Amino acid sequence: MGLIKGGINEVIATTAFNAAPIGIHYRDKTASMIIFSGSHTAKNVERDGWVVANLVHDPVLYVQTAFEDLPRDAFVEEPVAGRTMYRLSGAGAWVAFTATVERKTNDAMMVRLTQEKEIIEEVAVYPVNRGFNSIIDATVHATRYRATRDPVLKGWIDYHAGIVRKCGGKKELEALELLMGYISG
């Protein structure tokens, strides 16, 4: 596979006017993802049978899409494999997949992905930024913390917040402030 590499690739997945951070697993030439049941993403994937992986380097967008819906003008319509799919307008690159639900439980569903198309919209090189990486980890913990208020998750969020404050740039600090607002109270 071209843009999707071995391991778990953190992307912003889009379905019909919906965006959410998702990890795409790529191992042994097989791409898949696990989606929590009851989410817009799960409902759309099950109904429509497709998903687009958007490769973006905006920490604020990762946090926003974890906790809120984007306006319709944030999406671009793309014809792929005989159907209309939607990607993010600001994606540096994107990969469109046919999505097949292979297993479903009350909590989640396992989805196998078959690549249909990939496009690089812009070529940019980003150095490794520990602050950006910690925003991703803090966001994963924050979505679960907001639902459970588990103090262990809050500890992980605080740990990653420290790394963001030490290693992050302006956008990472903005994303951290936004994230803390979503989980306060």
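First things first, this report covers the structure right here in the doc. On a predicted model such as this, the values are computed, not experimentally measured, just so you know. (Residues numbered from 1 in each chain as written. Predicted model: local features only at pLDDT ≥ 70, side-chain atom pairs only at ≥ 80, totals over all residues. Heavy atoms only, no water.)

Looking now at the packing of aromatic side chains. For the structure shown, the criterion picks out six aromatic pairs. With 4.7 Å between their ring centres and 20° between their planes, Phe67 and Tyr182 make a pair best called stacked. Note that Phe67 is positioned in helix 2 (residues 59–67) and Tyr182 in helix 5 (residues 170–183), a separation of 115 residues in sequence. We classify Phe67 as buried; its relative accessible area is 16%. Note on Tyr182: relative accessible area 18%, which makes it buried. Ring centres of Trp156 and Tyr159 lie 5.8 Å apart, and the angle between their planes is 85°; on these two criteria the pair is classed as edge-to-face. Taken as a pair, Trp156 and Tyr159 lie in helix 4 (residues 151–167) at a separation of three residues, close to a single helical turn. The exposure class of Trp156 is partly exposed, given its relative accessible area of 43%. Among the aromatic side chains, those forming a connected cluster through ring pairs are Phe17, Trp50, Phe75 and Tyr86. A cation over a ring is seen here: Arg72 above Phe17, with NZ or CZ 3.8 Å from the ring centre. (Phe/Tyr/Trp six-rings, centres within 6.5 Å; stacked < 30°, edge-to-face > 60°. Helix = DSSP H or I, 4+ residues; strand = E, 2+ residues; numbered from the N terminus. Buried < 20%, exposed > 50% of the residue type's maximum accessible area, 1.4 Å probe, protein only. Lys NZ or Arg CZ within 6 Å of the ring centre and 35° of its normal.)

Let us now look at the sheet that holds strand 1 (residues 7–15). The sheet built from six strands closes into a barrel, its strands ordered 1-2-3-8-7-4 with antiparallel pairing. Within the sheet, the average angular offset between the axes of one strand and its neighbour, ignoring direction, is 45°. Here strand 1 pairs with strand 2 (residues 18–27) via nine bridges, running antiparallel. Opposite Glu10, over in strand 2, you have Gly23 as the bridge partner. (Pairing = 2+ DSSP bridges. Axes fitted to C-alpha atoms, helices over the stretch in contact; angles between N-to-C directions.)

Below, the discussion takes up the pairing of strand 8 (residues 108–120). Judged from the six bridges that link them, strand 3 (residues 30–36) and strand 8 form a sheet pairing that is antiparallel. Paired with Met33 across the bridge in strand 8 is Val111. Pairing geometry for strand 7 (residues 93–104) and strand 8, over 11 bridges, is antiparallel. Along strand 8, the bridge assignment pairs Ala99 with Leu113. Adjacent in sequence and paired antiparallel, strand 7 and strand 8 are bridged by three residues.

Moving on, we get to the packing of helix 3 (residues 130–148) against helix 4. Two numbers describe how helix 3 lies on helix 4: the axes approach to 8 Å, and their chain directions differ by 155°. Overall, the two elements helix 3 and helix 4 adopt an arrangement that is roughly antiparallel. Every pair of crossing elements has a handedness; the one defined by helix 3 and helix 4 is left-handed. Residues Arg130, Gly131, Ser134, Ile135, Asp137, Ala138, His141, Ala142, Arg144, Tyr145 and Thr148 of helix 3 lie in contact with helix 4, whose contacting residues are Leu153, Lys154, Trp156, Ile157, His160, Ile163, Val164 and Cys167. Partitioning the contact of helix 3 with helix 4 into residue classes produces 10 nonpolar, five polar and four charged. (Parallel < 35°, antiparallel > 145°, perpendicular 65-115°, else oblique. Left-handed = near helix turned anticlockwise from the far one by under 90°. Contact = heavy atoms within 4.5 Å. Nonpolar A, V, L, I, M, F, W, Y, C, P; charged D, E, K, R; others polar.)

Burial runs high along strand 4 (residues 50–55): five of the six residues are buried. Bridging between strand 1 and strand 4 involves three bridges; their strand directions are antiparallel. When the bridges of strand 4 are listed, Ala13 appears paired with Ala53. Sheet analysis places strand 4 next to strand 7, joined by six bridges and oriented antiparallel. Each bridged residue has a counterpart across the sheet, and for Val51 the counterpart in strand 7 is Phe97.

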